[in-house]
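Results of the structural survey
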Amino acid sequence: MRTRLFIALTVTVALSLVGGSPASASVSSPYGIDDVVGVNTPKGDIVALQVALTRTRVTFNLSLRRGIDVLNAHEWDQYSATEIRIAMDTHDGGAVDYRFQMEGDSGGLAADLTSFPGNNPVSCMVAVTQPEGLRTIRVRFPRSCLTLDHPSELRARVAYAFDQHSDGTVDTTDLAPDAGFTPQIRFPEPS
Ligand SMILES: [Ca+2]
Ligand SMILES: [Ca+2]
């Protein structure tokens, strides 16, 4: 299911009280890493990733080597293969449980959040903004979009495929982290 950004849909969230993942080396939020290994498309080059988890929200901040206006740049138009994918593992099981995907569409951007297994759409409001100038792409959605274990943790990996000529061919793909997932990042527990 494709949903236009900034449009709120009916939220249907299944709360899970099942859980109890094995203890693992987890880190507190916010968690940030530098990603300085440059791909040769500066607008497609992630230089830092920050994941911020709060009692109410999940936020990914992607800092780029060179800014780009994702709503208007030709590299993000409907003919381009440019896309950002964020894979999330919320059950510490190694498998991807959720994926956010964003790409150019006629008239703007299209984005969706799906759950796995099944690649089922999650009806949720996801906001994509560039709050600190065009060098940052921020993806934010409510924590309630995700079914979490107790204690609640998330690890993620980001892939930024970039089509600099908007001809349907991916020129570079930058991964953050470069390999695998971030560590398990802890959510603050509700007080
Ligand atoms: Ca990079
Ligand atoms: Ca990288």
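Just above sits the structure.
These remarks concern the structure in this document. (Residues numbered from 1 in each chain as written. Chains lettered and ligands numbered in written order. Predicted model: local features only at pLDDT ≥ 70, side-chain atom pairs only at ≥ 80, totals over all residues.)

Quick word on the pairing of strand β4 (residues 46–53)
Here strand β3 (residues 31–34) runs beside β4; their pairing, made up of 4 bridges, is antiparallel. Pairing of Tyr-31 across the sheet is with Val-51, part of β4. The pairing of β4 with strand β5 (residues 57–64) spans 7 bridges and is antiparallel. By the bridge assignment for β5, Ile-46 is matched with Leu-64. The antiparallel pairing of β4 with β5 creates a hairpin that spans 3 residues between the two strands. (Pairing = 2+ DSSP bridges. Helix = DSSP H or I, 4+ residues; strand = E, 2+ residues; numbered from the N terminus.)

Re the pairing of strand β11 (residues 136–142)
Inspection of the sheet shows β5 paired to β11 by 7 bridges, in the antiparallel sense. Note that in β11 the partner of Thr-59 across the bridge is Arg-140. Bridge count for strand β10 (residues 127–129) against β11 is 3 bridges, and the pairing is antiparallel. Each bridged residue has a counterpart across the sheet, and for Thr-129 the counterpart in β11 is Arg-138. Count of turn residues in the β10/β11 antiparallel hairpin: 6 residues, of which Gly-133 carries a positive phi of about 90°.

Points about the nonpolar core
Of all hydrophobic cores here, the largest spans 37 residues; its most connected members are Ile-86 and Val-158. For this core, the secondary-structure elements that each account for two or more residues are β4, β5, β6 (83–89), β7 (98–105), β8 (108–115), β11 and β12 (153–162). Residues within four places of Val-158 in sequence aside, it is in contact with Ile-46, Leu-49, Phe-60, Leu-62, Ile-84, Ile-86, Leu-175 and Ala-176. (Core = buried A, V, L, I, M, F, W, Y, C linked by C-beta atoms within 7 Å. Buried ≥ 20, exposed ≤ 12 C-beta atoms within 10 Å, placed from the backbone. Contact = placed C-beta atoms within 7 Å.)

Things to note about the sheet that holds β4
If you trace the 5 strands from one edge of the open sheet to the other, you get β3-β4-β5-β11-β10, paired in antiparallel fashion. The sheet is open, and its two borders are formed by β3 and β10, each paired with just one other strand. Adjacent strand axes in the sheet meet at a mean angle of 10°, parallel and antiparallel pairs treated alike. (Axes fitted to C-alpha atoms, helices over the stretch in contact; angles between N-to-C directions.)

As far as function goes, none of this settles anything; it's purely spatial.
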